[in-house]
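Observations on the model geometry
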Amino acid sequence: MTFPAAYPGAIVVPADPRNYYGPGSGRRKCWPLAIIYHTPQEPSDDRESTPVYFSTFHPYDPVTGLGGPASTRYYGDNDGDLYQMVPEEWGAVANGLDGKPKPYWALSESLNLQTDNIEIEGYAATLKETMTNAQWRALVDWSVWDFIRYGIPREEGRMMGHYELSSQRSDPGPWFLSSQSGFKAEVLARVNQYEKDVKALRADVEAQRRELLTLAHLIATGRDGEADARVRYMATAGGIQLP
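Residues numbered from 1 in each chain as written. Predicted model: local features only at pLDDT ≥ 70, side-chain atom pairs only at ≥ 80, totals over all residues. Heavy atoms only, no water.

Regarding the packing of aromatic side chains
A full pass over the atoms with the stated rule returns 14 aromatic pairs. Plain terms: the ring middles of Tyr7 and Trp145 are 5.0 Å apart, the flat faces sit at 75° to each other, and that makes the pair edge-to-face. Here the residue Tyr7 occupies a position in the segment before strand 1 (11-12), and Trp145 occupies one in helix 3 (residues 133-150), the gap between them amounting to 138 residues. Owing to a relative accessible area of 13%, Tyr7 belongs among the buried residues under this scheme. Trp145 sits in the buried class, given a relative accessible area of 16%. Ring plane angle 85° and centroid distance 5.4 Å describe the contact between Trp136 and Phe183, whose orientation is recorded as edge-to-face. Taken as a pair, Trp136 in helix 3 and Phe183 in helix 4 (residues 183-220) lie far apart in primary sequence, 47 residues in all. Among the residues examined, Trp136 registers a relative accessible area of 12% and is labelled buried. Given the relative accessible area of 0%, Phe183 is considered buried. Three or more aromatic residues joined by ring pairs form one cluster here, namely Tyr37, Tyr74, Trp136, Trp142, Trp175, Phe176 and Phe183. The ring of Tyr21 carries Arg27 above its face, with NZ or CZ at 4.2 Å from the centroid. (Phe/Tyr/Trp six-rings, centres within 6.5 Å; stacked < 30°, edge-to-face > 60°. Helix = DSSP H or I, 4+ residues; strand = E, 2+ residues; numbered from the N terminus. Buried < 20%, exposed > 50% of the residue type's maximum accessible area, 1.4 Å probe, protein only. Lys NZ or Arg CZ within 6 Å of the ring centre and 35° of its normal.)

The structure is reproduced here in structure tokens:
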């Protein structure tokens with residue numbers, strides 16, 4: 001069952017509905033409070049295996065301990081393409097707690113209903129070596145979008161590796177979210193700049209609104225000359241030549 005991409009430009013490859021908490025799961029809809037980063041432990045190449053894997057349900061095998069519901073919402077390949085596999089409003093089965101403390105921001109329910117998550121094509125141990133510039137840029141852009149879209153607080157702990165939730169996992173490795181990589185710092189700087197730009201734009205719109213109200217008052221009270229002079233002054237200040 002396909003669905004529209006939430007992230008602009010994302011390639012939709014729907015996960016099997018049994019691989020996420022959809023309408024029939026009895027769970028509430030998802031609202032991310034943090035982002036969890038994964039690596040699927042697959043080669044960084046031109047074969048995007050993870051979206052295909054999640055598109056099929058693999059029953060749990062008690063002998064191998066493998067299989068069962070599994071997914072992430074997004075996947076970023078080494079070309080800089082972003083794939084979306086789970087609809088925005090539903091929880092991917094990605095972030096179970098196992099041997100690690102619950103994050104301070106987490107509510108009492110499943111983390112899968114409180115997080116967004118993305119697989120980064122590659123291996124945890126070698127992600128630093130295989131990360132391409134296109135992949136890095138796509139991951140930064142998506143993370144900034146996620147913070148802004150959901151209003152995720154700009155606090156420590158809101159960008160986490162899968163290994164921070166499960167003692168059985170090492171992804172996406174120690175480098176990606178470390179201070180040495182600079183990923184978190186770049187994302188947060190972009191989010192901060194966005195908020196500054198929005199604040200400045202709102203102030204500009206408010207100033208224009210007040211000016212229009214002033215002009216309307218001058219015209220309404222028969223002070224057309226003052227209104228005309230005010231318009232000419234603003235036009236000159238803005239580099240506009242009026243006849």
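What follows continues from the structure just given.
Notes on helix 3
Helix length check: helix 3, at 18 residues, gives a terminal C-alpha distance of 26 Å against a target of 26 Å (1.5 Å per residue), a fit within 8%. Of the positions making up helix 3, those classed as buried are Gln135, Trp136, Ala138, Leu139, Val140, Trp142, Ser143, Val144, Trp145, Asp146, Phe147 and Tyr150. Downstream of helix 3 by one or two residues, Gly151 has phi in the positive range, about 65°. (Expected span 1.5 Å × (residues − 1).)

With respect to the sheet that holds strand 8 (residues 159-161)
Sheet strands pair via backbone hydrogen bonds, and the direction of the pair is either parallel or antiparallel. A sheet is described by the order of its strands in space; here six strands give the open sequence 1-5-4-7-3-8, paired in mixed fashion. A single partner strand is all that each edge strand has here, and the edge strands are strand 1 and strand 8. Sheet topology places strand 4 (residues 74-76) next to strand 5 (residues 82-84); three bridges connect them, and they run antiparallel. Its bridge partner being in strand 5, Gly76 is matched across the sheet by Leu82. Relative to strand 7 (residues 115-120), helix 3 is tilted by about 175°, and along the sheet it contacts strand 3 (34-38), strand 4, strand 5, strand 7 and strand 8. (Pairing = 2+ DSSP bridges. Contact = heavy atoms within 4.5 Å. Axes fitted to C-alpha atoms, helices over the stretch in contact; angles between N-to-C directions.)

Quick word on a nonpolar patch on the surface
Together, Val231, Tyr233, Met234, Ile240 and Leu242 line one region of the surface with nonpolar side chains, adding up to about 460 Å² of accessible area. Inspection of the secondary structure assignment puts Tyr233 in helix 5 (residues 224-237). Classification of Tyr233 as exposed rests on a relative accessible area of 62%. (Patch = residues over 30% accessible without salt bridge, like charges linked within 9 Å, V, L, I, M, F, W, Y side chains within 5 Å. Areas by Shrake-Rupley, 256 points an atom, 1.4 Å probe, with all protein chains shown as cover. Salt bridge = Lys/Arg side-chain N within 4 Å of Asp/Glu carboxyl O.)

A short note on the pairing of strand 7
The buried fraction of strand 7 is high, at six of six residues. Here strand 7 shows a buried face lined by Thr115, Asn117 and Glu119 and a second buried face lined by Asp116, Ile118 and Ile120. Bridge count between strand 3 and strand 7: five bridges; the pairing is parallel. Following the sheet pairing, Ile35 is matched in strand 7 by Asp116. Inspection of the sheet shows strand 4 paired to strand 7 by three bridges, in the parallel sense.

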